[in-house]
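Architecture at a glance
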There are 2 protein chains.
Amino acid sequence: MNSLKGKAVLCQSGGPTAVINASACGVIQTVLANPDTFTGIYGGLNGILGVLREELFDISKENPSEIDRLKRTPSAALGSCRHKLRGLDESKADYERILDVFKAHDIRYFFYIGGNDSMDTADKLGALARETDYEMIAVGVPKTIDNDLVCTDHCPGYGSVAKFNATAVMEAGRDTEALWTHDTTTVHEVMGRNAGWIAASTGLARRSDQDAPHIILLPEVPFEKDLFVAKVRECLDRYNRCFVACGEGVKTPDGRYLGEAGGEFAKDAFGHTQLGGAANTLRAIIETEVGVKARTNRAGTAQRNAMHFASKTDVEEAYLVGKAAVETAIRGISGKMVTLERASGGGDYTCTTGLADLQEVANGVKMVPPEFISEDGFGITDAFREYATPLIRGQADLEIGDDGLPIYARLAKHMVARKSGSDYKIR
Amino acid sequence: MNSLKGKAVLCQSGGPTAVINASACGVIQTVLANPDTFTGIYGGLNGILGVLREELFDISKENPSEIDRLKRTPSAALGSCRHKLRGLDESKADYERILDVFKAHDIRYFFYIGGNDSMDTADKLGALARETDYEMIAVGVPKTIDNDLVCTDHCPGYGSVAKFNATAVMEAGRDTEALWTHDTTTVHEVMGRNAGWIAASTGLARRSDQDAPHIILLPEVPFEKDLFVAKVRECLDRYNRCFVACGEGVKTPDGRYLGEAGGEFAKDAFGHTQLGGAANTLRAIIETEVGVKARTNRAGTAQRNAMHFASKTDVEEAYLVGKAAVETAIRGISGKMVTLERASGGGDYTCTTGLADLQEVANGVKMVPPEFISEDGFGITDAFREYATPLIRGQADLEIGDDGLPIYARLAKHMVARKSGSDYKIR
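All values derive from a computational prediction rather than experimental measurement. (Residues numbered from 1 in each chain as written. Chains lettered and ligands numbered in written order. Predicted model: local features only at pLDDT ≥ 70, side-chain atom pairs only at ≥ 80, totals over all residues.)

It is worth spelling out the interface of chain A and chain B at this point. The partner chain B presents 57 residues to the 57 residues of chain A that form the contact. The dominant element in the side of chain A that touches chain B, judged by the number of residues it contributes, is helix α6 (residues 158-178) of chain A, at 11 residues. (Contact = placed C-beta atoms within 7 Å. Helix = DSSP H or I, 4+ residues; strand = E, 2+ residues; numbered from the N terminus.)

Right, dumping it as structure tokens:
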């Protein structure tokens with residue numbers, strides 16, 4: 001145990017997931033269990049914005065049962081944001097403001113749950129604190145459905161979005177199978193702006209040749225219209241139907257998003273460009289070039305919050321990384337992100353935590369590697385199945401109300417009085 | 001028990017649901033349990049198309065455990081279709097063809113699981129059979145996520161799509177709540193081309209003022225742009241965010257679908273009409289008229305097959321109506337559809353089956369009544385909650401494989417040899 005004593009602040013950042021609150025719960029319960037180190041725990045309202053605006057709330061005043069319910073609650077209960085701080089040289093004032101707020105409340109521990117931008121912020125903040133001799137510990141907690149953080153085997157949030165999307169594709173695939181005489185093709189769009197991990201996960205639904213998805217489009221594989229059209233035709237010949245799962249981030253060979261490049265590929269009957277996502281572009285291509293009707297599905301934000309069918313493994317690991325972040329801080333270690341490390345070799349899947357430099361995480365993006373993508377680029381390999389299957393196993397606990405629907409936590413958010421002025425303008 | 005002995009044929013029709021296979025299972029298991037009446041049971045491959053094409057398969061040759069698994073399998077395992085037979089006067093030949101196929105295989109019992117078009121077909125077929133002295137019994141089994149059949153309290157399929165959509169809206173609503181500083185509004189489109197029962201069900205997610213959906217748009221309430229824009233602004237003032245649930249069938253005051261009338265309301269930056277669904281039109285209106293960013297969610301066919309979170313009540317009732325259809329036929333009753341009758345008065349929800357004339361069901365459509373719609377037209381009433389809540393209760397059984405995903409049935413479909421020629425051309 002290190003000798004630094006003070007308050008902790010916890011922030012959630014970026015797109016919500018089914019399990020980011022489980023990580024928050026891991027942080028909160030571990031902080032509260034260690035009063036020798038932590039004199040309190042505040043939440044930043046809407047991530048780092050809450051610190052910049054000094055909008056902090058006292059988490060220790062929340063009902064403990066509501067805190068525990070965070071394990072079973074999707075989205076970001078503390079509030080999230082998409083605010084990205086610029087570099088230290090560009091907007092040093094923002095970082096100084098954060099430290100001022102920390103100093104005003106004697107905040108000595110900063111736990112940031114987020115993706116690589118958040119790790120970058122935590123890292124820069126730690127650097128400035130060292131520079132100005134403010135003793136502070138910053139530890140990152142990984143979170144992203146996109147599963148694209150480096151230094152970690154996988155990211156909390158991914159297992160649940162993968163499980164939900166694989167199931168939705170399995171189920172919608174049965175719809176196309178039943179109604180192929182009318183709705184011959186379906187395009188099912190999933191999230192993943194840069195990497196194709198989520199799109200790849202839909203392939204887990206394909207246990208046999210008949211099963212959807214017949215075609216998977218990954219951002220890692222540049223979209224070639226002719227190859228795609230030929231593949232759709234091949235599926236129609238073989239199965240009388242075709243189910244396509246595509247990542248929203250699929251790109252043309254020159255690097256533009258398919259959803260934005262739609263006009264080049266296909267226009268509607270009035271010559272209008274099709275707008276609004278990869279699925280709509282693909283539908284237009286299928287209807288124009290192949291000449292069959294296509295449907296589109298796009299669950300949107302519902303997919304990343306699908307706690308009702310979350311992975312138990314994912315929820316438990318999300319809690320674990322939150323807990324490990326606090327234990328790391330108690331040991332006096334700063335500037336690290338907690339990672340998930342899979343035990344290599346045979347036997348059942350086991351996973352422990354490790355640590356990586358925040359800076360290293362901040363600078364990397366992990367794409368789906370070639371060995372996980374089938375040779376023709378339209379599917380996944382057994383190696384990917386072996387990687388992803390353990391992550392989606394198990395049904396997470398769910399609390400159901402008398403009305404038949406899940407019960408999710410909502411924090412009371414008792415705001416802390418301001419101590420450092422309310423007139424700060426974020427750069 | 002009536003004295004008519006012969007084979008049964010079972011067809012599924014129209015859009016799949018999470019529980020249409022549970023109804024099929026109820027029919028099949030009850031037929032197989034009554035060999036004194038039924039000499040066999042065939043399935044029509046892709047609904048009535050399978051009968052017209054004489055593409056029948058022998059259900060009694062399926063593995064009994066796979067038949068039982070139909071209770072836990074979404075979509076239409078026998079295959080479905082959207083083929084609508086015209087009137088007896090217009091295409092009598094089609095009806096005669098069906099009777100010819102029935103006669104060739106000694107099919108004396110026709111069980112049709114579907115919506116009002118299917119009930120119409122079953123009714124007309126029964127009339128022609130009587131006219132031509134072919135002894136045959138036709139019984140309808142209700143099925144539609146749209147919940148718009150008359151003569152029945154509700155329709156199998158509705159409870160499950162309602163439960164899934166209410167949950168998805170609850171979960172996506174938490175996303176908007178967490179990220180309101182960036183994604184201020186969300187439009188979540190659900191199915192329901194004519195009636196607003198599904199859109200209304202999303203209102204079950206709203207237990208408190210803070211909860212999504214803040215606005216529900218029903219096809220029963222003509223869309224008035226100015227009122228909608230004012231309501232969105234009101235929500236933004238009150239909650240800092242706005243979550244809109246809309247039925248795909250929302251119409252303009254002159255009766256056109258909102259998804260098709262988009263161009264009148266809003267064009268994109270290039271002056272192009274926004275195409276593709278009510279949600280996209282609403283997004284364009286919000287971004288243009290209110291000036292905040294909007295996201296859209298549209299689960300598409302995944303919502304109606306969401307067996308992974310189906311209502312136990314719905315699954316049990318779906319099985320029950322299938323079983324009751326066969327029991328009705330055994331009693332020698334024809335020309336009826338099985339209905340669901342809710343016990344009136346206080347106490348717990350209980351539901352039994354009844355019967356309605358096929359013709360009456362065929363000719364009606366049940367819209368959401370005014371007493372279920374809030375005064376301002378943007379929400380539901382407590383009376384609707386009382387109606388719908390019992391239908392979504394309970395978690396249906398689910399079989400999960402070692403890979404963490406549901407296991408669903410797929411029938412082997414042993415085809416029956418043709419007896420009446422393969423050259424029939426459907427009118």
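What follows picks up the thread again.
This paragraph deals with helix α10 (residues 278-290) of chain A. With 13 residues, α10 of chain A extends 17 Å from end C-alpha to end C-alpha; this agrees with the ideal 18 Å at 1.5 Å per step. Of the residues one or two after α10 of chain A, G291 of chain A is the one with positive phi, at around 85 degrees. (Expected span 1.5 Å × (residues − 1).)

This paragraph deals with the sheet that holds strand β10 (residues 336-342) of chain B. Residue and element names in this part refer to chain B. Here we have seven strands laid out as an open sheet, ordered β3-β2-β1-β4-β5-β10-β11, and mixed in their pairing. Among the strands making up the open sheet, the edge pair consists of β3 (56-58) and β11 (351-357). Going across the sheet, the axis of each strand differs from the next one's by a mean of 30 degrees, ignoring polarity. Where strand β2 (residues 38-44) and β3 come together, three bridges link them in antiparallel fashion. Each residue of the ladder has a partner; that of G43, found in β3, is F57. (Pairing = 2+ DSSP bridges. Axes fitted to C-alpha atoms, helices over the stretch in contact; angles between N-to-C directions.)

With that out of the way, let us pick up the domain arrangement of chain A. All names here are of chain A. When its domains are assigned, chain A resolves into domain 1 (6-144 + 152-157 + 310-363) and domain 2 (159-304). Computed from C-alpha atoms alone, the centre-to-centre distance between domain 1 and domain 2 is 35 Å. On the side of domain 2, five residues touch domain 1, which itself brings 10 residues to the contact. The class makeup of the residues in the side of domain 1 that touches domain 2 is four nonpolar, five polar and one charged. (Domains from an automatic or database assignment. Nonpolar A, V, L, I, M, F, W, Y, C, P; charged D, E, K, R; others polar.)

All names here are of chain B. Where helix α4 (residues 92-104) meets helix α5 (residues 116-131), the axes come as close as 10 Å, and the angle between the chain directions of the two elements is 70 degrees. Between α4 and α5, the crossing angle belongs to the class labelled roughly perpendicular. Contacts between α4 and α5 pair Y95, I98 and L99 from the former with K124, L125, L128 and A129 from the latter. Of the residues belonging to the contact of α4 with α5, the class tally is six nonpolar, no polar and one charged. (Parallel < 35°, antiparallel > 145°, perpendicular 65-115°, else oblique.)

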